[in-house]
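# Structural characterization, general
Chain by chain, the residues:
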Amino acid sequence: MVSSLINALPKAELHIHVEGTLEPVLMMSLARNNNVSIPYNSIDEIKNAYRFKNLEDFLRLYYSGLRVLKDEDDFYILTMNYLKRASENNVRHVELSFDPQAHTRRGVRFEEVIEGIHSALKDGERKYGISWVIILSILRDLSVEDALHTLSRAEEYKDIIDAIGLDSAEVGNPPSKFKKVFEKAKTSGFHLVAHAGEEGPPSYIKEAIDLGVERIDHGVRAIEDETLMKMLGRMRIAFTLCPLSNLKLNVVKSLKNYPIREFSKVGIRVTINSDDPAYFGGYINKNYEEVAKALNLKPKEIIEIARNSIIASFASDERKREIL
Ligand code: ADE
Ligand code: ZN
């Protein structure tokens with residue numbers, strides 16, 4: 001059975017937004033406890049609202065939902081709930097993204113956010129044996145000045161934040177806009193990743209590479225540019241694909257022609273991840289399962305994808321050997 005193989009494989013999750021793991025039940029209870037009004041009266045109403053035309057449509061709900069997160073404890077609970085799910089999915093290593101600007105701009109202190117997430121990751125490591133990396137994601141629809149200020153906060157937490165990413169509304173906010181930010185982050189010794197080619201054109205993927213990113217988050221639209229694909233393949237760059245996200249946000253019409261084999265064939269390291277699982281209908285195993293079913297993936301191909309996730313992670317070589 002494919003699903004038992006998927007479950008049995010040790011995996012790394014490399015593309016997961018902690019705010020995107022906010023399940024409706026937790027959203028309701030935090031809204032009540034923190035006195036935040038949300039436009040829903042029941043769990044069913046929340047679930048019914050989760051139909052998205054595109055990325056922008058989703059981001060509106062995502063930023064509205066995360067307003068229920070107010071203090072360190074809330075971020076702790078959110079992260080711990082995700083780690084429990086990750087452990088149930090046999091995730092052994094996680095590279096967790098968070099969007100600090102989505103919190104600081106509404107008056108929540110950076111310290112509360114990072115300390116809640118960090119405490120949970122430490123406790124989760126003890127409880128579930130999941131190693132971790134924290135990725136601070138810059139919101140690309142905000143200004144470069146705001147990004148530089150956020151990077152300076154990351155530098156204060158250099159001992160626990162390992163990587164800088166780039167997310168939010170892609171079209172009109174190309175990676176090159178953040179050249180200065182990524183240069184500075186690289187000089188400070190952060191790993192670099194960026195969302196590119198989710199809704200944005202293939203040229204955004206090339207721009208992200210030129211900024212020095214080590215992985216591309218999404219990257220699906222690379223399929224439109226054969227020359228770019230070959231270059232990415234030669235680099236052995238990893239794509240952190242998120243099939244259910246792409247389906248729910250109408251980035252692809254169906255998973256029947258999801259371009260995993262085309263990417264693998266040129267040498268791109270394909271990985272499968274869940275992005276915002278509370279919103280897109282499934283955690284990492286479900287993402288593997290839906291792709292495996294749609295493309296009729298062979299066990300060998302599934303094993304290769306799980307292996308890629310560990311190889312493409314920022315875990316130490318020792319930790320990688322332990323998991324593989
Ligand atoms: N923030 C959370 N999920 C995202 C996605 N899929 N694309 C861009 N920004 C995001
Ligand atoms: Zn994402």
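Residues numbered from 1 in each chain as written. Chains lettered and ligands numbered in written order. Predicted model: local features only at pLDDT ≥ 70, side-chain atom pairs only at ≥ 80, totals over all residues.

The environment of ligand 1 is formed by His-17, Gly-20, Leu-55, Tyr-62, Asp-167, Ser-168, His-195, Glu-198, Ser-245, Asp-275 and Asp-276. Class assignment of the residues belonging to the shell around ligand 1 gives a composition of two nonpolar, five polar and four charged. (Near = placed C-beta within 6 Å. Nonpolar A, V, L, I, M, F, W, Y, C, P; charged D, E, K, R; others polar.)

Our next topic: the packing of helix α8 (residues 144-156) against helix α9 (residues 179-187). Their axes nearest at 9 Å, the elements α8 and α9 cross at an angle of 15°. Put simply, α8 runs roughly parallel to α9. Like other packed secondary-structure pairs, α8 and α9 cross with a definite hand, here right-handed. The residues of α9 that touch α8, namely those facing Val-144, Ala-147, Leu-148 and Leu-151, are Lys-180, Val-181, Lys-184 and Ala-185. Taken together, the residues of the contact of α8 with α9 sort by class into six nonpolar, no polar and two charged. (Axes fitted to C-alpha atoms, helices over the stretch in contact; angles between N-to-C directions. Helix = DSSP H or I, 4+ residues; strand = E, 2+ residues; numbered from the N terminus. Parallel < 35°, antiparallel > 145°, perpendicular 65-115°, else oblique. Left-handed = near helix turned anticlockwise from the far one by under 90°. Contact = placed C-beta atoms within 7 Å.)

With 13 residues, helix α16 (residues 299-311) ought to run about 18 Å at 1.5 Å a step, and its terminal C-alpha atoms sit 18 Å apart, in line with that. Every buried residue of α16 is accounted for by Ile-305, Ala-306, Asn-308, Ser-309 and Ile-310. Contact partners of the buried residues in α16: β1 (11-17), β2 (91-98), β7 (238-241), β8 (269-272) and α17 (317-323). (Expected span 1.5 Å × (residues − 1). Buried ≥ 20, exposed ≤ 12 C-beta atoms within 10 Å, placed from the backbone.)

Once that is clear, we can look at unusual backbone geometry. At Ser-168, a position not held by glycine, the phi torsion is positive, near 80°. Within the secondary structure, Ser-168 sits in the loop between β4 (161-167) and α9.

Pairing geometry for strand β5 (residues 191-196) and strand β6 (residues 215-218), over four bridges, is parallel. Looking at the pairing, Val-193 lines up with Arg-215 of β6. As for the winding sense of the linkage, the β-α-β connection from β5 through helix α10 (residues 202-210) to β6 is right-handed. Judged from the three bridges that link them, β6 and β7 form a sheet pairing that is parallel. Paired with Arg-215 across the bridge in β7 is Ala-238. (Pairing = 2+ DSSP bridges. Right-handed = clockwise from strand over helix to strand, strands pointing away.)

Right, let's talk about the environment of Thr-104 for a bit. Tracing the chain through its elements places Thr-104 in helix α6 (residues 101-104). Looking at Thr-104, the number of C-beta atoms within 10 Å reads 17, which means it is partly exposed. Each C-alpha atom, one on Thr-104 and one on Thr-150, is 9.4 Å from the other, the two residues being 46 residues apart in sequence.

It is worth spelling out the sheet that holds β2 at this point. The strand order across the open sheet built from eight strands is β1-β2-β3-β4-β5-β6-β7-β8, with neighbouring strands paired in parallel fashion. Of all the strands in the sheet, the pair left with one neighbour each is β1 and β8. The average angle at which neighbouring strand axes cross in this sheet is 25°, direction not considered. The sheet contact formed by β7 and β8 spans four bridges and is parallel. Note on β8: the bridge partner recorded for Thr-240 is Thr-271. Its contacts with the sheet place helix α15 (residues 284-295) against β1, β2 and β8, and it is angled at close to 120° to β8.

Let's shift gears to the nonpolar core. Within the largest apolar cluster, 94 residues are counted, with the highest numbers of intra-cluster contacts made by Leu-96, Ile-117, Ile-134, Ile-164, Leu-192 and Ile-216. Considering each element in turn, this core owes the most residues, seven residues, to strand β3 (residues 131-139). What Ile-216 contacts, discounting residues up to four positions off in sequence, is Ala-194, Ala-196, Gly-197, Ile-205, Ala-208, Ile-237 and Phe-239. (Core = buried A, V, L, I, M, F, W, Y, C linked by C-beta atoms within 7 Å.)

Taken as a whole, α9 has its buried residues at Val-181, Phe-182 and Ala-185. What you see down the axis of α9 is that its buried residues fit within an arc of 90°, all on one side. Backbone geometry just after α9 places Gly-189 at a positive phi near 95°. (Arc of directions from axis to C-beta.)

With that settled, the discussion passes to the confidence of the model for the chain. Averaged over all residues, the pLDDT of the chain is 98; the fraction at 70 or higher stands at 100%. The ipTM value of the predicted complex is 0.99, and its pTM value is 0.98. (pLDDT = per-residue confidence, 0-100.)

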